[in-house]
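If you want the building blocks of each chain, they are given just below.
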Amino acid sequence: MTYPTSRAKTWWLLQALSGLALVLLLGVHFVAQHYVAQGGLRTYAQVVAYVRHPAVAALEAAFLVVVAVHAALGLRAVALDFGLPAARQRGLNAALAVGVVLVVGYGLWLLAQVRGGAG
Amino acid sequence: MSAYHVVIIGGGATGAALAHDLTLRGVQVTLVERGEVTSGTTGRHHGLLHSGARYAVKDPESARECIQENQILRRIAPGSFELNDGLFVALTDEDLAYYDDFMEGCANTGIPTRTLSRDEALRLEPNLNPDLKLAVQVPDGTMDAMRLPLRFLATAKHNGARVHPFHQVTGLVFQGRTVAGVQVRDHRRGRDFTIAADLVVNAAGPWAEHVARMAGVDVPVVPSPGVLVAVRGRWTNMVINRLHRAGDGDIVVPQRTLSVIGTSSWVVDDPDHLDVPEEHIRLMYEKGAEMIPALARAPMRAAWAAARPLVGSRQAQSGRELSRTFKVFDHAAEGVEGFVTIVGGKATTARIMAEVTADLVVRKLGLDAPCRTREVVLLPHTAYYT
Amino acid sequence: MSSPSTVQLRVFRYKPGDPAPHYDTFAVPVTPRTTVLEALQAIRRDQDPSLMLRHSCHHASCGTCGLRVDGQEVLACVTPLADRGPVVTVEPLQNAPLLGDLVVDMGPFYAVFTQAGMPLVRSTEATAASRPAAGIERLTRFENCLECGLCVSTCPVAATDPLYLGPAAMAAAWRVVQEPRGQNPARALAWVDQEHGCWRCHLAFECSTVCPNDVQPGQAIAALRQRLALGEPAPPGPAAAATRPALAPTGPARRVGLRAWLDPRGRDVGYWAFVLHRLTGLALVVYLLLHLWVLRLLARGPAAWDEFIALARSPLFLALDGLLLFGVLFHGLNGVRVALVGLGAAARRQRGLFWAVLLLTLLLLAAGVAALVAAVH
C-alpha cells in the first residue's frame, strides 16, 4: 500500500516544477533570440521569420502553456492564502482551468496567424 | 452536585488544586483571580518537583509531604514532569560533615537515596565541579511551574467549576459576622458585582493577609521573596543541590534549554513590590558556579523574584527559619463564619494543601464527601484553553 | 547602576464593547534591567489596575507574556525596555481573538496545536539511570516549544488564512514524525498534507526569526514537505482532520489581513522575499495578459506592429521594460530558492540564499538594462 498523494501536494509540486521549467525556457528563449533571430526582433518581418522556425514555434507554444499553468496556480495560491473555504475551491479550480484554456487557445491562434504571415 | 457554592480567591497552584478537589466532591466552585491565572508566586518558582530532601533535616514535616505528593503527582499528572532525579553534591569537608544528618533525615522521612562516588556522579553529570567529594541521588524532578496548575484548573473547569481570571476581589459580603460572598471588579468588562457564596476560601498566597483584612481577621503570612536567575544552556540533566543546610544559591534546576539557579531569601511587606537586587544576581552566579563551574560563563536569560507565602510571624528575618509547610485557618475561631484561609506550602504540595482545606470546607458545609484527587488523572494543560 | 530614566509606554487598550481600540501612554521609570513586563506590572500596580496582561514564569519558559513591542513579537519578560527610544509601543499578539488590552485568547491556538498529536510527555530525558549524551547542553528538543504563539502572530499566511494550521502546530507534527513516542507519524503527516497545511506555507521564516526558543518551525514545515514529496511513502494513517474545530468566539479575531504584506516593522529577509514574490507574481500575471493583448497587433500586419515598436522604444516603455525584467528575474530566481528551501534543501540557509537571489537579480538586471539601452541606440 502506498500513501495516498494529496491534491495539495500535487498542486505545490506542479507549481514548483512549472516554475523551474519557466526559468529554463526563459533561458533558452534568450539564447534562441540571440542565435536564431540575429539582429534582433525589431521589424514585423523579423518576427514572422523568427516564429516560422519550427523549434521556435514549439518553444513559444511550450512557454505559453507552462506560463499559463504557473500563473493559474499562483492565483489559486493567493486565493487560498486569503482563506478560500474548501467548498469554493472547486469553483475556483474550474474558473482557472477555463482561463488557462482561453489564454493558451488565444496564444496558439495568434502564433498560427503570425506564422501564416497574416495581415 | 450539591447546591453549595464556594468561592476561591486566588488562581495560583493552591486555588487551582482546591477548585479541582471541591469540584470532585460535588461542590459548585467559582475561582476568581485578579490577573491571569498562575501570575503570582505559582508561575515563578524554579520548576522543582521536590523529593523533600531539601527539608529532610530541618523541616521533616515538609519533607514527608513532599515525597508523598511527589509520588502522587507522578501518577495523576503523567507527562508533566521530567523524571530526571536530583543530586545533592558535597564539595567541601563541611558538606561531607552534613552527609550523615542528611541521610538520616531522608531515611526518617521516606525519601529514597543512592550515594554516588565522585566518579559516578561525574559520569552522570560531566559539568559538575570535578572537586566534588560525593553525591546523593534523590527522586527530584523538573516540572513546568505554570502547566501543572493549569491541569488542575482544566480538570476543574471540565467538571463544572467556573474560573474567572482578571476578576479582582474588592471586598467581602457579610451577613452579620458571616461571610456570604465576594465583591469583585471585572477588569475585562469594567463592572463591579457580587458573587454569593456559602463559603469563601482565601487562597491568595502572599496576598492572603491583604484578603484576610477584608474579613477583619489576621493571618500570619510572611511574603518572603527569593531571586532566581535563568541562564542559557542546559548544563546538567538532573536537578543539582548543594549537600548542606538550605541556603542561598544552592540549587540548579534544568528547564528546557535553560538552567535556573535559586534562590535568595528575604522578607517584604508588599508582594507587589519585588526588587531584584543586583547583588543577589551575582550571588546566584557565584554559588551556582561552585557546583557547576560552567554557569559562571553562561549568558543570563532572565532574573526575577517570587514571593513565597510563608506561615510565620512578621518578626522573621530572612524567611529561611520558617517552615515550608502549610496551614489552614478556620476564622470561625475569631468569630467570622464562612471564611477559610490556606497559606504556606509549595507547588509540589498543592494537592495535599487542597485536600486538607477541602476536608475542612465540606465539614463546615455539613457534606460527607471524601477526597478523590489522589486517583483522578488530570486533563492535559491544553484543555484549560479549549 | 545608573539612575532610572523615564520611558513613555504607549499601550494598546481595548475592552469588549469599545467601538475601537485606542492607545494610552504611561510614563514609567526604567533601569537598564527593567523589562517590558516589569514596566507593565508597575503600570498596573501604580497607575491603572484595569490593565489586562498575561504573565507567569518571568524567564521565557511558560510562553504566557507574548506581546508585540514596536511591532515585533517578543516575550515581554526577557525584553529590556531601555535603549528603545523615548516612546515604546506595546500591542497584543495578532491573528488571535482579543480578550482585552494585551490579552488574547489562546483557545484557537491550542485547539490546533493539540490536533498535531504531540504527546504530553517530557519524561524522555536521560534519567539518572542512563548516561546523558555528550554535549547535552546544546541539545534542543521539541519540548522547547513554549506554546507562546509568537510564530502565529508574525506569520504572513496566518494573517490572511483563518484555516491555516500555523507554524507551532506543524512544528509539533514534525516532532511526532521525528520521534513518534507511541504516536502515529502517518497521522501527523496526513494531517499537515492539506491545502491549509504545510503546502500553504510560503517560507517567510518569520516564525523561526521570532521564536524565543529556537524551535525553527519554518524549517520543520520544509522538512514535512520534503518527507511528503520525496521521502519514503508513509503507511496510510487515519483520515486527516481538514478543518479547524469550532470554538465559541471570545473576542474580535484581529486577523491582520493584507496589511501584513505591507507592514515592515521588525521583519526579516524571508518575509520580504515572500512579499516581493507575491507582488511580482501578481504583476507578472497582469503583464502576461497585457502582453498577449498587445501581440494581437502582430495578427493585424506589419503597419500596426511597427507603429507599436516605435512606441515601445520610448523612454517610458524602456523603464517599464526594466521593471518587468526585475520582476521576472526576482520571481524566477527566488522561485528556485523557494522550491529548494520548501523541499527541505538548505532550509537553514534560506537567509543567505535570499541575498544571493537579490545579488544575482541586480547583476542580471544591470546587464539586461545595458543591453536594452545598447539595442535602442
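Everything below is about the structure shown above.
Once a new chain begins, its residue numbering starts again from 1 and follows that chain's sequence as written. Both sets of labels track the order of writing: A upward for chains, 1 upward for ligands. The model is predicted, so local features are restricted to residues of pLDDT at least 70 and side-chain atom pairs to those at 80 or more, both for listing and for counting; the totals for chains, interfaces and linings are taken over all residues.

**Q** Would you mind going over helix α2 (residues 60-76) of chain B with me for this structure?
**A** Helical periodicity: at 3.6 residues per turn, an α-helix aligns residues three or four positions apart in one direction. Labels follow the DSSP assignment, with helices taken as runs of H or I lasting at least four residues and strands as runs of E lasting at least two, numbered in each case from the N terminus. By definition here, a helix of n residues has an expected span of 1.5 Å times n minus one. When the terminal C-alpha atoms of α2 of chain B are compared, their 24 Å separation across 17 residues agrees well with the 24 Å that a helix rising 1.5 Å per residue should span. Inspection of α2 of chain B places Ser62, Ala63, Glu65, Cys66, Ile67, Glu69, Asn70 and Leu73 of chain B among the buried residues, and these make up the whole buried set. Comment: burial labels come from other C-beta atoms within 10 Å of the residue's own C-beta, placed from the backbone, where a count of 20 or more is buried, 12 or fewer is exposed, and between is partly exposed.

**Q** What's the story with the interface of chain C and chain A in this structure? I'm lost.
**A** Buried accessible area, meaning the area lost when the parts come together, often serves as the stated size of an interface. Note on contacts: each residue gets a C-beta atom placed from the backbone, and two residues are in contact if those atoms are within 7 Å. Between chain C and chain A, the contact holds 38 residues from the first and 38 residues from the second. When residues of the side of chain C that touches chain A are traced back to their parent elements, those giving at least two are α7 (217-230), α9 (269-299), α10 (302-312) and α11 (315-342) of chain C. Residue type decides the class: Asp, Glu, Lys and Arg count as charged, Ala, Val, Leu, Ile, Met, Phe, Trp, Tyr, Cys and Pro as nonpolar, and the leftover types, Gly among them, as polar. By residue class, the composition of the side of chain C that touches chain A is 23 nonpolar, 7 polar and 8 charged.

**Q** How should the sheet that holds strand β1 (residues 5-13) of chain C be read in this particular structure?
**A** The strands that make up a sheet are held in pairs by hydrogen bonds between backbone atoms, and each pair lies either parallel or antiparallel. Residue and element names in this part refer to chain C. Strands sit in the order β2-β1-β5-β3-β4 across an open sheet of 5 strands; the sheet is mixed. Whereas interior strands pair on both sides, the edge strands pair on one side only; in this sheet they are β2 (22-30) and β4 (72-75). The average angle at which neighbouring strand axes cross in this sheet is 35 degrees, direction not considered. Inspection of the sheet shows strand β3 (residues 66-69) paired to strand β5 (residues 87-91) by 2 bridges, in the antiparallel sense. In this description, strands pair whenever DSSP reports at least two bridges between them. Here an angle of 0 to 180 degrees is reported between the N-to-C directions of two axes, which are lines fitted to C-alpha atoms, with helices fitted over the stretch in contact.

**Q** How should the interface of chain C and chain B be read in this particular structure?
**A** Taken residue by residue, the interface counts 44 residues in chain C and 41 residues in chain B. If you list the elements that add at least two residues to the side of chain C that touches chain B, you get β6 (98-100) and α2 (107-115) of chain C. Among the elements that make up the side of chain C that touches chain B, the one with the highest residue count is α2 of chain C (5 residues). Looking at the side of chain C that touches chain B residue by residue, the classes come out as 21 nonpolar, 15 polar and 8 charged.

**Q** Would you take a moment to explain the packing of helix α4 (residues 167-178) of chain C against helix α5 (residues 185-192) of chain C for this structure?
**A** A pair of packed helices is characterised by two quantities: the angle between their axes and the separation of those axes. Residues and elements named next belong to chain C. Direction vectors running N to C along α4 and α5 enclose 150 degrees, while the axes themselves pass 8 Å from each other. Taken together, the axis directions place α4 and α5 in an arrangement best described as roughly antiparallel. Crossing of α4 against α5: the hand is left-handed. Contact residues: Met170, Ala173, Val176 and Val177 in α4; Pro185, Ala188, Leu189, Trp191 and Val192 in α5. Taken together, the residues that form the contact of α4 with α5 break down as 9 nonpolar, no polar and no charged. Roughly parallel refers to an angle under 35 degrees, roughly antiparallel to one over 145, roughly perpendicular to one between 65 and 115, and oblique to any angle outside these ranges. Left-handed describes a crossing whose near helix is turned anticlockwise from the far helix through less than a right angle; right-handed describes the clockwise counterpart.

Spatial relationships are all this shows, so hold off on functional conclusions.
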